[in-house]
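The lines below spell out each chain.
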Amino acid sequence: MDKLYIKYFKQHQALSGEIISSDFKVVVPVYLEEDDLFKMLESVQKATTFSGSSVELILVFNYSELASEQIIQRQVALLDRVEEHRTVFESTGFDLTILKDYSVAKKHAGVGHARKTGMDFAAFSYVTQEKYDGIIVSLDADCTVSDNYFSALNECYSKKCLSGCNVYFEHPLAGNFHSEVYDAIAEYELHLRYYIQALRYAAFPHAFHTVGSCFTVTAEAYIKAGGMPRKQAGEDFYFLQKVIPSDKFEEVNNTCVYPSSRPSDRVPFGTGPSISAMLESKEEYQTYNLQAFIDLKEFIAIKDELYQMTDEGIESFTHQLSGRIRSYLVNSDFFPALQAVKDNCSSLEVFQKRFYEVFNAFRVVKYLNYTHTHFLEKMNVFDAAINLYEMKYEQALDVFDTKELLLAYRQLEKS
């Protein structure tokens, strides 16, 4: 085993279990998922059969050291149900692995720890078999997938040497929940897509969705990125920011993951809590003001001027920009951080790539939060999204509600 992998697993000991050979290892955290888990199992099994690939589905049952007896009993009962139905699901090319991530310390307990436990196990299995390009898939227990899910992933990875990819997704816009839930999820999903399209309008190169149930990564890339962080929420964003800048990360838009539209309070932020908050407030979703991305676009367009710029030239440089982004750049640590990178750039081409080590996705969020704290007000997501679309494509969009606009934005990513 290579020193890199030995070092990683010395620091992050994987749970023991049978080493199974498979084309894909799908990691799914499981926490109180009685209503959805078996739908996900059936969906993944069907996609496996459709593709002809071999799949190991790794279910990570988890709970905190502070879990009540009722939660523990529910988790154990659900695990027992899966074991009882194991023979129904398992078949040639489709294997189930069950991991128990129990009594996790309060400060680490949550979906991030469970996802890490499963992905560490998957990576260790691949590395043990010296299959470093083995594909680890991140999915959630309340999701289903298209029949061609694994076929599309296999096609993407077979064409290019990739570190990872994210997978197109759509939340259901109708079903068993109250209509208000679907109105809320339409607004939230529109926000997610507006944010990515706004970043792309600004020419930010690392504009990808970072949804925990909708990405894949190779075992090698997973370990080189330091593995999944043990965060209670946002673990997917933090992890993927170490993988995406490799320039070997792409989108798979010819298949689909269908995450649940349900409200939830299991994590501090994300889809479930956002839906709950909208339902409680009965207010429309507020997103980042389009003007912030217009300002960002102007900055990125002239960033190359910074390559050979001295400290004396910074003031005149910033006065080419709006006062909003100028204020952020001057009042943050951006210029000192950039200088440290510039000192190690041998050419403009190198600088153009390493610039985004400093002005990365984390800093974009900090900039957006700063400018909305001091200068701009957030916008209704419908208004922001329709304004961006019409400005970017220079054509009027004839839509009358959020769901219609969301369909237009979905089409942008599928085209």
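Our structure is the block above this text.
Right, let's walk through the structure included here. Note that this is a predicted model, so its numbers are computed, not measured. (Residues numbered from 1 in each chain as written. Predicted model: local features only at pLDDT ≥ 70, side-chain atom pairs only at ≥ 80, totals over all residues. Heavy atoms only, no water.)

1. Describing the packing of helix α17 (residues 381-393) against helix α18 (residues 402-414)
At step 1: Taken N-terminus to C-terminus, the directions of α17 and α18 make an angle of 45°; their axes are 11 Å apart at the nearest point. One way to sum up the angle between α17 and α18 is to call them oblique. For the crossing formed where α17 meets α18, the hand is left-handed. Along the contact surface, α17 presents F382, A385, I386, L388, Y389 and Y393, while α18 presents T402, L405, A408, Y409 and L412.
At step 2: Looking at side-chain class alone, the contact of α17 with α18 contains 10 nonpolar, 1 polar and no charged residues. (Axes fitted to C-alpha atoms, helices over the stretch in contact; angles between N-to-C directions. Helix = DSSP H or I, 4+ residues; strand = E, 2+ residues; numbered from the N terminus. Parallel < 35°, antiparallel > 145°, perpendicular 65-115°, else oblique. Left-handed = near helix turned anticlockwise from the far one by under 90°. Contact = heavy atoms within 4.5 Å. Nonpolar A, V, L, I, M, F, W, Y, C, P; charged D, E, K, R; others polar.)

2. Observations regarding the state of the cysteines
Two cysteines whose sulfur atoms are joined by a covalent bond form what is called a disulfide.
At step 1: Within the structure shown, the criterion is met by 0 disulfides.
At step 2: Cysteine C161 remains unbridged, with the sulfur of C156 as its closest cysteine sulfur at 12 Å. (Disulfide = S-S within 2.5 Å.)

3. Overview of the environment of T371
At step 1: Turning to its location among the elements, T371 is positioned in helix α16 (residues 361-374).
At step 2: T371 gets classed as buried once you look at its relative accessible area, which sits at 0%.
At step 3: Sequence-wise, T371 and F351 are 20 residues apart; in three dimensions their C-alpha atoms are separated by 26 Å.
At step 4: Ignoring sequence-local partners within four residues, the contact set of T371 consists of A292, R324 and L376. (Buried < 20%, exposed > 50% of the residue type's maximum accessible area, 1.4 Å probe, protein only.)

4. Some remarks on the pattern of salt bridges
At step 1: Under the defined criterion, the tally for this structure stands at 24 salt bridges.
At step 2: E170 is the partner of R410 in a salt bridge, and the nearest nitrogen-oxygen pair spans 3.5 Å. Within this pair, whereas R410 is found in helix α18, its partner E170 is found in the loop between β6 (164-169) and α7 (179-201), the two being separated by 240 residues in sequence. The two residues R410 and E170 agree in class, both being buried.
At step 3: With a shortest N-O distance of 2.8 Å, E189 and R410 are connected by a salt bridge. (Salt bridge = Lys/Arg side-chain N within 4 Å of Asp/Glu carboxyl O.)

5. Some details on the sheet that holds strand β1 (residues 24-30)
At step 1: As summarised here, the arrangement of the 8 strands in space is β3-β2-β1-β4-β7-β6-β8-β5, forming an open sheet in which the pairing is mixed. The two strands at the open ends of the sheet, each matched to only one other strand, are β3 (94-104) and β5 (144-145).
At step 2: In terms of strand pairing, strand β4 (residues 135-138) meets strand β7 (residues 215-218) through 4 bridges, oriented antiparallel. Residue pairing for β7: I135 is matched across the bridge by T218.
At step 3: Taken strand by strand, helix α2 (residues 37-51) contacts β1, β2 (55-64), β3 and β5, and its axis lies near 160° from that of β2. (Pairing = 2+ DSSP bridges.)

6. Thoughts on the pairing of strand β8 (residues 249-258)
At step 1: Across 2 bridges, the pairing between β5 and β8 is antiparallel. Following the sheet pairing, T144 is matched in β8 by Y258.
At step 2: Note: β6 against β8, 5 bridges, orientation parallel. For N166, the partnering residue across the bridge sits in β8 and is E251.

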